[in-house]
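Chain by chain, the residues:
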Amino acid sequence: MAVIILLGAQWGDEGKGKITDHLTRDAAVVARWNGGDNAGHTVVWRGQTFKFHLLPSGILYEHATCIIGSGVVVNPKTLLGELDNLKAQGLPTARLVISGGAHLIMPYHIALDGASESSRGEKKIGTTKRGIGPTYADKAWRAGIRAVEMLDLDHFAQRVREQAEARNIWLTQVYGQEPLDVPAIVEEYTEYARRLAPMVGDASLVINEAIAAGKTVLCEGAQGTLLDLDHGTYPFVTSSSPIAGGACVGLGFGPKLVDEVIGVAKAYTTRVGAGPMPTELHDAVGDHLVEIGHEYGTTTGRRRRAGWLDLVILRYAARINGLTQFAMTKLDVLTGLDPVRVCVAYEYRGQRLEHFPMDSRVLEECRPIYEDLPGWDADISTTRSLEELPAAARRYVQRVEELTGVPVTMISVGPAREQLIRRRPAH
Ligand code: GDP
Ligand code: IMO
Ligand code: MG
């Protein structure tokens, strides 16, 4: 048995969905603890591509209980859409528990996200416009609507009416927008609540009972360490806690129960949205990473920014999360590049920086200091053991381990479930 936290070590889209899907084979519970449908987690199984925004990526296995924790913000319409989709394909969805403490994303949150981004002009964050920031803001402001409120439909309808009316004042008077149709929202969302209510439960209880019974619990992070509200590249971050500590907060279990913390990291770096990114490339190598790696957003379809692997970031992720292992994804995408470069430190105003800076404005001025490593040409997408990899690819993985102090226990060489090199069991 084990409690495993799996999270993004960079700016999201590291391939968490793929690794979660793989590890669910041995897990009884798979739980999302943060974010909402800003996430887009891809699972490729039996030649079919699934994109999950809210459902944990373990949902394709029949044996696992899937949990949406209190730290998640839930768009009821998206969630029902995902469930309906799976049901239409004959896939089982009965094992879902939505924590009563999860907050609901309402149409006014989405409208406010869009209005706030527009009003920022040049300084926009580049959010996914899914209403994430305003929903977490309402939560912190103690004005949010929680999943547990869906259990009493009269109460729920009244809360939706009150909140929609209150937020309409912002929309019209602060942002000069048209008001939303409150009665229509109340009607639509009461129907969603009626459908979702049977799935609402006590996620913390389910998880702690599973742990007590000796089962394996896999916690699936959304976004990534550098998008963390407290420890990421503020203000170019999301509004939740994608870091390891967030799992205990968002799911309701104690930190001493955690056995392994797996950081999922691409073999290079990508970012979607605004904000500094020291290793970003605007050349043919950047185009190679985007085109060969299909670096277009799962949720918004935006072209991701891409560049060499940044080990200052991975060392930071190791520290912030207490990583016990890395899962390195998309190593196959580096095939054909020579040399392959890794950023080992930054140069800032003539000084060498070994540690990730706290201020995004400093990061904006940081220039990467690279170490060049030999590349490889052979197709590695069918390799299933370290020994089968070309020596240069092995050297690359080894260098990451040396420079971060964290073992790389999994190496992903393609999008499908089986395209994975496992060097040892996850726990
Ligand atoms: P997530 O948000 O962290 O789950 O990652 P996304 O699903 O947004 O983006 C990862 C993309 O890379 C998806 O299209 C995956 O199918 C794909 N992918 C994952 N692992 C690999 C890999 O090892 N090689 C390749 N070529 N693609 C991968
Ligand atoms: P997964 O789970 C990559 C980014 C947005 C934007 C910032 C804030 O698939 O890795 P938000 O809508 O959250 O207020 O946007 O965060 N962002 C992500 N980038 N992967 C994600 O999720 C992301 N979720 C949010 O692009 O820069
Ligand atoms: Mg994604």
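Right, let's walk through the structure included here. Starting afresh in each chain, residues are numbered from 1 along the sequence in its written order. Written order decides the labels, with chains lettered from A and ligands numbered from 1. Given that the model is predicted, a residue must reach a pLDDT of at least 70 before its local features are reported, and side-chain atom pairs must reach 80 or more before they are shown or counted; all residues, however, enter totals for whole chains, interfaces and linings. Derived side-chain values reflect all non-hydrogen atoms in the structure, with water molecules and hydrogen atoms excluded from consideration.

What follows covers the site of ligand 2. Taken together, 21 residues surround ligand 2, and among them Asp 13, Lys 16, His 41, Thr 128 and Thr 238 come closest. Thr 128 places a polar side-chain atom, nitrogen or oxygen, 2.6 Å from an oxygen atom of ligand 2. For the purposes of these results, a polar contact is taken to be a pair of N or O atoms within 3.5 Å, where, inside protein, one atom must be able to donate a hydrogen and its partner to accept one; residues adjacent in sequence count only when each atom of the pair is a side-chain atom. Contacts to ligand 2 include Thr 238, whose side-chain N or O atom sits 2.6 Å from an oxygen atom. Using the Shrake-Rupley algorithm and a 1.4 Å probe, accessible areas are obtained, with residue cover drawn only from the displayed protein chains. Summarising the interface, the protein chains cover 98% of the accessible area of ligand 2, which totals 550 Å² for the free molecule. Here ligand 2 is seated within the largest pocket. Counted by class, the shell around ligand 2 contains eight nonpolar, ten polar and three charged residues. Here a residue counts as near a molecule or strand whenever at least one of its heavy atoms sits within 4 Å of it. Buried and open spaces are told apart on a 1 Å grid over the protein atoms alone, a cavity being a set of points where a 1.4 Å probe fits but cannot get out and a pocket being an open set with protein on both sides within 12 Å along at least five of seven lines. Residues with an atom within 4 Å of a point are the lining residues. The rule for placing a molecule in a cavity or pocket is simple: more than half of its atoms must lie within 2 Å of the grid points. Residues are grouped as follows: nonpolar covers Ala, Val, Leu, Ile, Met, Phe, Trp, Tyr, Cys and Pro; charged covers Asp, Glu, Lys and Arg; every other residue, Gly included, is treated as polar.

For helix H1 (residues 16-24), the tally of buried residues reaches nine of nine residues, placing the bulk of the element in the interior. Among the residues making up H1, those that are buried are Lys 16, Gly 17, Lys 18, Ile 19, Thr 20, Asp 21, His 22, Leu 23 and Thr 24. Think of it in three bands: with a 1.4 Å probe and only protein chains considered, a residue is buried below 20% of the maximum accessible area for its type, exposed above 50%, and partly exposed in between. Runs of E in the DSSP output that reach at least two residues are strands. Runs of H or I that reach at least four are helices, and both are numbered from the N terminus.

Structurally, Lys 266 is set in strand S11 (residues 260-266). Residue classification places Lys 266 among the buried positions, given a relative accessible area of 1%. Only 3.0 Å separates the side chain of Lys 266 from the backbone oxygen of Asp 13, close enough to count as a polar contact. Each residue touching Lys 266, except ones within four places of it in the same chain, is listed here: Gln 10, Asp 13, Glu 14, Glu 295, Arg 304, Leu 309, Met 328, Thr 329 and Lys 330. Residue contacts follow a heavy-atom distance rule, with two residues in contact if any of their heavy atoms lie within 4.5 Å.

Moving on to unusual backbone geometry. Cis rather than trans, the peptide bond between Tyr 234 and Pro 235 has omega equal to 5 degrees. Along the chain, Pro 235 falls in the loop between strand S10 (217-220) and helix H8 (244-251). A cis amide bond links Asp 338 to the next residue, Pro 339, at an omega of 0 degrees. Among the structural elements, Pro 339 can be located in the loop between strand S15 (325-329) and strand S16 (340-348). A positive phi angle, near 50 degrees, is found at Arg 46, a position not held by glycine. Judged by relative accessible area, Arg 46 falls into the exposed class, the value being 74%. The phi torsion at Arg 142 lies on the positive side, around 60 degrees, for a residue other than glycine. Looking at the element boundaries, Arg 142 is found in the loop between helix H4 (132-140) and helix H5 (153-174).

The rule for a salt bridge is simple: a side-chain nitrogen of Lys or Arg has to be within 4 Å of a carboxyl oxygen of Asp or Glu. If you walk through the whole model with that rule in mind, you get 24 salt bridges. Its salt-bridge partner being Glu 280, residue Arg 305 comes within 2.9 Å of it at the nearest N-O pair. You can see Arg 305 sitting in strand S13 (residues 305-307) and its partner Glu 280 sitting in the loop between strand S12 (269-271) and helix H9 (284-292), a full 25 residues away along the chain. Salt bridges linked by common partners bring Asp 13, Lys 266, Glu 295, Arg 304 and Lys 330 together as one network.

Our focus in this paragraph is the coordination of the magnesium ion (ligand 3). Any N, O or S atom lying within 2.8 Å of the metal counts as a donor, and for Na, K and Ca the limit rises to 3.2 Å; water is left out, so some sites can look incomplete. Protein coordination at the magnesium ion (ligand 3) comes from Asp 13 (OD) and Gly 40 (O), with a distance range of 2.0 to 2.2 Å. Placement of the pair is Asp 13 in the loop between strand S1 (3-8) and H1 and Gly 40 in the loop between strand S2 (29-32) and strand S3 (41-45), with a sequence separation of 27 residues. Residue classification places Gly 40 among the buried positions, given a relative accessible area of 10%.

Grid points are joined across faces, edges and corners, and a volume is the space filled by probe spheres set on the points. Considered as a void within the structure, the largest pocket measures approximately 970 Å³ in volume. Elements with a minimum of two residues in the lining of the largest pocket: helix H3 (107-120), H4 and H5. Of the residues contributing to the lining of the largest pocket, the split by class is 19 nonpolar, 18 polar and ten charged. Of the voids in this model, the second largest pocket is the one considered here, and its volume is about 610 Å³. Along its surface, the second largest pocket is lined by 26 residues, and Thr 42, Gly 293, His 294, Lys 330 and Pro 415 are the ones closest to its centre. Those elements that place two or more of their residues in the lining of the second largest pocket are H1, S3 and strand S4 (48-52). Residues that form the lining of the second largest pocket fall into these classes: five nonpolar, 13 polar and eight charged. All the domain ranges listed were derived from an automatic or database domain assignment. When we break the lining of the second largest pocket down by domain, the ones giving at least three residues each are domain 1 (3-99 + 200-257) and domain 3 (265-422).

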